[in-house]
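Each chain, written out:
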Amino acid sequence: MASKIVSKKLIFFLGALGGLLYGYDMGVISGALLFIKDDIPLTSFTEGLVVSSMLIGAIVGSGFSGPLSDRMGRRRVVFMVSVIFIIGALVLAAAPSMAVLVTGRLIIGLAVGGSTAIVPVYLSEMAPTEQRGSLSSLNQLMITIGILASYLVNYAFAPIEGWRWMVGLAVVPSLILMIGVLFMPESPRWLLEHRSEEAARRVMKLTRKPDKIDQEIDEMRKINEVSDSTWKVLSSTWLRPTLLIGCCFALFQQIIGINAIIYYAPTIFSEAGLGNATAILGTVGIGTVNVIITIFAIMIIDKIDRKKLLVIGNIGMVASLLIMAGLIWTIGLDSSFGAWIIVACLTLFIIFFAFTWGPILWVMLPELFPMRARGAATGISALVLSIGSLLVAQFFPMLTDVMGIGEVFLVFAVIGIAALIFVLKFLPETRGRSLEEIEADLRSRTSAKKSNVLIRIHMPN
């Protein structure tokens, strides 16, 4: 049995490895674009298409993988995702034309969508309540490590303009994930519903304290007793408000400005007067900060309310964007000083994002949804997330051509203010509560007036 082979640390490392691949494939294209243009001519539209085609695939992948994982199990779908990652990386590395390049990015996108839908759910269901925030945040940490790794690879191969090596090396972590998933246990919540209580208990012994298992099993059983089929839960009136909140949360995270930085940072730096190698080196610095701050966020995410952290992040991100826009208008980008102002402001943005919105989204999305439809609902939210990422990737280069960089980042600042209002008004707090407690509260709040069903699970004061 897989659960007898792997340790707790290895379970969560392998479980989050899909995030590393997502981050790598998201970040690697930013440096590769500087050299792809020499082999395959690109306009501002086709440049956006190469970047955004991955996200078109991600929309499809996230839409299908969530419901598929509810039926087949989280572990099997992760294996399928790893195989698709390998195929996509090989197609990209051999691409002779823009059409094949876009095809490879579409294939990669299928895997990216799958990882965004499944990895957070798996980590959330595997983690004990008191550590769920930090362990679920491993997905975001892996994303940032993947982005940094892609920047380092881009910098290493920049002297030879080796963009095929840049995109092709995604095969390595994909193979690790494909082999590692064979030794990963299945989610205990999925096992309890589809296999047996004994199978669920065996896995829970790997990650829980013995005195916590009985209570959690009891809570899961009570939820199962009042839960309908996946599709009935998804279409129920009591879930709709929460599903809408999850989708809006995911959309805001993507259109708040982070993807403009991840996808186009080298291009922005290059247009600001830095050479190609220096531009890529600047992204390495940003990627390093991203990883370090995410590690710090993991250390404190279970100690501070999620909403409070999100508000702090919103204020910091909006401030950094406003400062950058103002300095661009007053100083301009004609000097190296102006270029490094952009580097500094984007780094400040990354610090606030990595500390808050980056990890907290992946923690909270699975927390918001009921067990019977957790994979499907998270998949729908991930689909909306991919749409938001697609919009930024496709239109950012065209908007900068029309409006200028300063004006575009001012638009992101306005979106950040809207996201702040959303958090304060609509997003519930989930820290310190079991997934079953959150679901019980969700049901009681949204359907108490229309249903006599009572879920008797102890709720915290």
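So, how was this worked out
- Residues numbered from 1 in each chain as written.
- Predicted model: local features only at pLDDT ≥ 70, side-chain atom pairs only at ≥ 80, totals over all residues.
- Heavy atoms only, no water.
- UniProt positions renumbered as here; feature names shortened; annotations may be inferred.
- Phe/Tyr/Trp six-rings, centres within 6.5 Å; stacked < 30°, edge-to-face > 60°.
- Helix = DSSP H or I, 4+ residues; strand = E, 2+ residues; numbered from the N terminus.
- Buried < 20%, exposed > 50% of the residue type's maximum accessible area, 1.4 Å probe, protein only.
- Patch = residues over 30% accessible without salt bridge, like charges linked within 9 Å, V, L, I, M, F, W, Y side chains within 5 Å.
- Areas by Shrake-Rupley, 256 points an atom, 1.4 Å probe, with all protein chains shown as cover.
- Salt bridge = Lys/Arg side-chain N within 4 Å of Asp/Glu carboxyl O.

- Under an unreviewed UniProt entry, the protein chain has the name Sugar porter family MFS transporter and belongs to Tigheibacillus halophilus.
- The record in UniProt for the protein chain states the following under Sequence similarities (unreviewed entry): "Belongs to the major facilitator superfamily. Sugar transporter (TC 2.A.1.1) family."
- Within the UniProt record for the protein chain, the comment given under Subcellular location (unreviewed entry) is "Cell membrane".

## Considering the packing of aromatic side chains
- Counted according to the given criterion, the structure contains eight aromatic pairs.
- Relative to phenylalanine 422, the ring of phenylalanine 249 has its centre 6.4 Å away and its plane inclined at 35°; by these criteria the two rings are tilted. Of this pair, phenylalanine 249 sits in helix H13 (residues 240-255) while phenylalanine 422 sits in helix H20 (residues 405-426), and the two are 173 residues apart along the sequence.
- You can call phenylalanine 249 buried: its relative accessible area is 0%.

## Considering a nonpolar patch on the surface
- On the surface, Ile387, Leu391, Phe395, Leu399, Val402, Met403 and Val411 cluster together into a nonpolar patch covering about 580 Å² of accessible area.
- Per-element tally for the nonpolar patch: the top contributor is helix H19 (residues 374-403), with six residues.
- Note that leucine 391 resides in helix H19.

## Looking at the pattern of salt bridges
- Inspection of the entire model under this criterion finds eight salt bridges.
- In this structure, glutamate 198 engages arginine 202 in a salt bridge whose closest nitrogen and oxygen atoms are separated by 3.4 Å. Of the two residues, glutamate 198 and arginine 202 are both situated in helix H10 (residues 197-207); the distance of four residues between them amounts to about one turn of the helix.
- By relative accessible area, which is 56% here, glutamate 198 ends up exposed.

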